[in-house]
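The primary structure of each chain is shown beneath.
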Amino acid sequence: MTLVPPPGLLAAALLFWGWRTGLWPLVPPMALVLELAPRVGWRWALEDRELARVIDLSTLLWVGALILLFTRYLNQPPLATHLYTLASWFPLLLFLPLAIQRYSAVGAFRVGHLFYSLRRSGSALAWQPLRLDAPYFVATLLAASVAASPDFLPGAGLLLLWALLATRPRRYRWFLTATLALAAGLAAFPLSLGLYRLQISLEDQFVEWFEDWFMEVDPYRSYTALGEIGELKQSGRVVLRLRPTSDDPGPWLLRDASYNSYFDGAWQARGVHFDRLASRGDGREWTLGAAPAGVSRHLAITLELRRGAGMLPLSAGAWRLEQLPVGELQLSNLGALKASDGPGLVDYRVTSAPAATRDAPPGELDLALPRREQATLERLATELGLIGSSPPVVAAKVKAFLLGQFRYSLELPASAAGMTALETFLLQARAGHCEYFASAAVLLLRAADVPARYATGFAVAEYSPLEDAYVARRRHAHAWALVWLDGRWRDFDATPPDWTGFEEARTPWWQRVGDLWAWLSHRFSRWRWRETTATESDNGWLWGLAGWLTTVLLWRLLRRRVRPVPAGSVLAVTVGPGAESPFYQVIADLSAQAGARPSGETLEAWLCRIGAWNAPGLADMARWHQRWRFDPAGLVEEERQRLVETVAAWRRQNSASGQR
């Protein structure tokens, strides 16, 4: 039975979809085309191959939508929004074949149209009619569910109730059907809220996985969440591990890139170039600059390199790396370090000193202001008394302004009318996340003629007793400013220090389980890449695990004692039914003449293939033989006797024929 939606249901579903996704201007013409079909007296007389071409054209539309999605939206955050864009296009992409079906004389496609391999097939499946009305209704509801809000259930419930009432068996009263449907909807409401929260969580996990495998730190461009609306979310996945010396209390800012040009919420690295570094010693030691005077600090950083390449986060003043087994290391003039041709996991040592620098001196771009915000920034610089002050005084006033009059928030408001997102942050909202604070700090410093750059990386302050190391999670990703003071670049973090508390308050209850899994995965990665990262002591846990497993296996083997068979006991031998059938002698004779029956070939097929099936009496003997073996009732004594006599007669005749 094919479900045909009642008149008006598809139009209502399209209205619901348009309201949920904001595509409502497309709904009236689409609904009008679909709902007028039953009232129009003409139809297209399309042949089978023309219907197949309609499906081909729809496939091209799907391919084009995928290409558009991945070429236009892939590198534009937020990633989750763009990944769900395709799902919201389902009613558009399926509209053409449904409209053709409704206005065609045939009134349906067939299953063979969907699969090229079945188009010329004569099978019943290939010619089974296929109407797209009900699938289109379901696809429209799925597209409407893409919008992340918990009010989807009431609208979808009403539409489903309409469909059920229209297609219910007439022996059921509509009032009973409506009451049961309403009860089911009320019972499903708490479940829908749980599914909504699960959807949000799975979205975060999927985006995290997607970014892990397809998105990398870009040393040339950094997109921010300035101007986005809603709540900024980051996952708790551990991305690096840090082990300092005992005299280094932290916390640490590990920078992986810096940028010098701002436009419309995005920072870019203009005029950047990378220089290839030469390794020293055993090929795992790298020098980023001349050895500075003074006391150096040491850090051990463990980081996964996807496909053996990636940006290496470093502390300020880093000038030497050790135990870094990569084939190529490149340093940019903005201090970004890019590794390639390395293992999947690196555990390198960083030596840093306050006087060391790996960044080029400031240039014109480090003082440039964006045109759209220039007037606002210059006015604020004047009001704060930054103009004419020394660089240290300017830096102190900017930090006091941002820390004293602004607060940290993960809620992203909409930009005020006539203002950019950054202007809204500085003049009205006065609340935002680290990207707002870092961007504002850099541009206010520049407005006072103090060179500054925008830096991204991780703020590391969380200690993990499980791993006996400090860890950086994705939610610890941070942005701050670099300011040129006293002839060198210095970290300048103007984000309120309580921002880590906001992040920790969002920690889900299952993070401990995730941390345990992350630690086990990390240990496996260390073992996998032990030739490049591990020391002799790193294999101790592996030998301990092997010893424990060996002990468990021996215990399980030894506790299963071999039981001796008592003297005089007789082992039972099970004989299957029909084992004494005399037809086995016929099979043996035929095998000697025509070759043994292959495994997997039935007895009847074998007898037909060798030409014995039509011999007098042979078909009856084979049937009696099979009944004796497989029929639960077996053969009665009279039939067994007839089989014995027939086999004996056949063998005498076959023997006589062989002698002649």
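How each quantity is defined
- Residues numbered from 1 in each chain as written.
- Predicted model: local features only at pLDDT ≥ 70, side-chain atom pairs only at ≥ 80, totals over all residues.
- Heavy atoms only, no water.
- Helix = DSSP H or I, 4+ residues; strand = E, 2+ residues; numbered from the N terminus.
- Expected span 1.5 Å × (residues − 1).
- Buried < 20%, exposed > 50% of the residue type's maximum accessible area, 1.4 Å probe, protein only.
- Pairing = 2+ DSSP bridges.
- Contact = heavy atoms within 4.5 Å.
- Axes fitted to C-alpha atoms, helices over the stretch in contact; angles between N-to-C directions.
- Parallel < 35°, antiparallel > 145°, perpendicular 65-115°, else oblique.
- Left-handed = near helix turned anticlockwise from the far one by under 90°.
- Phe/Tyr/Trp six-rings, centres within 6.5 Å; stacked < 30°, edge-to-face > 60°.
- Lys NZ or Arg CZ within 6 Å of the ring centre and 35° of its normal.
- Core = buried A, V, L, I, M, F, W, Y, C linked by side-chain atoms within 4.5 Å.
- 1 Å grid on protein atoms, 1.4 Å probe; cavity = no way out; pocket = protein on both sides within 12 Å on 5 of 7 lines; lining within 4 Å.
- Points joined across faces, edges and corners; volume = space filled by probe spheres on them.
- Nonpolar A, V, L, I, M, F, W, Y, C, P; charged D, E, K, R; others polar.

A. Quick look at helix H21 (residues 618-630). Spanning 13 residues, H21 covers 18 Å between terminal C-alpha atoms, matching the ideal 18 Å at 1.5 Å per step. If you check which residues of H21 are buried, you get Leu618, Ala619, Met621, Ala622, Trp624, His625 and Trp628.

B. Spatial organisation of the side chain of Thr495. You can see Thr495 is positioned in the loop between strand E25 (488-492) and helix H15 (499-505). Overall, the relative accessible area of 5% leaves Thr495 in the buried class.

C. Up close: the sheet that holds strand E23 (residues 469-473). Strand order in the open sheet formed by 8 strands is E10-E11-E14-E17-E12-E5-E23-E22, with antiparallel pairing between adjacent strands. The two strands at the open ends of the sheet, each matched to only one other strand, are strand E10 (279-280) and strand E22 (462-464). In this structure, strand E11 (residues 285-287) lies alongside strand E14 (residues 318-322), joined through 2 bridges in antiparallel fashion. Paired with Thr287 across the strands is Arg320, a residue of E14. Sheet strands touched by helix H16 (residues 511-528): strand E5 (238-244), strand E12 (297-304), strand E17 (345-352) and E23. Its angle to E17, the strand with the most contacts, is close to 90 degrees.

D. Quick look at the sheet that holds E25. Spatially, E6-E21-E24-E25 is the arrangement adopted by the 4 strands of the open sheet, whose pairing is antiparallel. This sheet does not close on itself; its edge strands, each paired only once, are strand E6 (252-259) and E25. Strand-to-strand, the axes of this sheet are offset by a mean angle of 40 degrees, without reference to chain direction. Bridge count between E6 and strand E21 (residues 452-460): 7 bridges; the pairing is antiparallel. Residue pairing across strands places Ser258 opposite Ala455, the latter belonging to E21. Running over the sheet, helix H14 (residues 434-447) touches E6, E21, strand E24 (477-485) and E25 and is turned about 15 degrees from E24.

E. Local environment of the environment of Pro292. Within the secondary structure, Pro292 is located in the loop between E11 and E12. Judged by its relative accessible area of 19%, Pro292 falls in the buried class. Excluding its chain neighbours within four sequence positions, the residues that come into contact with Pro292 are Trp319, Ala353, Ala355 and Ala356.

F. Region of the structure containing H14. Across its 14 residues, H14 extends 20 Å between first and last C-alpha, which sits within 8% of the 20 Å expected from 1.5 Å per residue. In terms of burial, H14 is a largely internal element, 14 of the 14 residues being buried. Downstream of H14 by one or two residues, Asp449 has phi in the positive range, about 65 degrees.

G. How the structure looks around the packing of helix H19 (residues 583-594) against H21. Direction vectors running N to C along H19 and H21 enclose 125 degrees, while the axes themselves pass 10 Å from each other. Considered as vectors, H19 and H21 are oriented oblique to each other. In the crossing of H19 with H21, the sense of the turn from one axis to the other is left-handed. The residues of H21 that touch H19, namely those facing Phe583, Tyr584, Val586, Ile587 and Leu590, are Leu618, Met621, Ala622, His625 and Arg629.

H. Region of interest: the packing of aromatic side chains. Following the criterion strictly, the structure yields 16 aromatic pairs and no others. Connected via pairs of aromatic rings, a cluster forms that spans Phe401, Phe406, Phe425, Tyr436 and Phe437. Sitting over the face of the ring of Trp127, Arg110 holds its NZ or CZ atom 4.0 Å from the ring centroid. Over the ring of Phe492 we find Lys399, and its NZ or CZ is 5.0 Å from the ring centre.

I. Quick peek at the pairing of strand E16 (residues 337-340). As paired strands, strand E13 (residues 310-311) and E16 are joined by 2 bridges and run antiparallel to one another. Bridge pairing in E16 places Met311 opposite Lys338. Examined bridge by bridge, strand E15 (residues 328-332) and E16 share 4 bridges and lie antiparallel to one another. Of the residues in E16, the one forming a bridge with Leu329 is Ala339. Two successive antiparallel strands, E15 and E16, enclose a turn made up of 4 residues, where Gly335 displays a positive phi of approximately 85 degrees.

J. Layout of the nonpolar core. Formed by 52 residues in total, the largest nonpolar core has its most connected members in Val398, Leu402, Phe425, Leu426, Leu445 and Phe492. Taken together, the elements giving at least two residues each to this core come down to E6, helix H11 (371-383), helix H12 (391-405), helix H13 (421-429), H14, E21, E24 and E25. With near-sequence residues (within four places) excluded, Leu445 lies in contact with Val394, Ala395, Val398, Val450, Ala452, Val483 and Phe492. Core analysis: the second largest hydrophobic core is formed by 29 residues, Met30, Phe95, Phe109 and Ala163 among them.

K. Spotlight on the pairing of E24. For E24, a buried count of 7 out of 9 residues is recorded, marking the element as mostly surrounded by other parts of the structure. In this structure, E21 lies alongside E24, joined through 7 bridges in antiparallel fashion. Paired with Ala455 across the bridge in E24 is Trp480. Between E24 and E25, which pair antiparallel one after the other, the connecting turn spans 2 residues, and Asp486 there sits at a positive phi close to 55 degrees.

L. Representation of the layout of surface pockets in the model. In this structure, the second largest pocket spans a volume of roughly 760 Å³. Lining the second largest pocket are 33 residues, and of these Pro251, Trp252, Leu253, Ala316 and Asp491 sit closest to its centre. Counting only elements with at least two residues in the lining of the second largest pocket, the list comes to E6, E12, E21, E24, E25 and H15. Broken down by element, the lining of the second largest pocket gets its largest block of residues, 5 residues, from E25. Of the residues assigned to the lining of the second largest pocket, the class counts are 16 nonpolar, 8 polar and 9 charged.

Everything listed here is a matter of geometry and, on its own, says nothing about what the molecule does.
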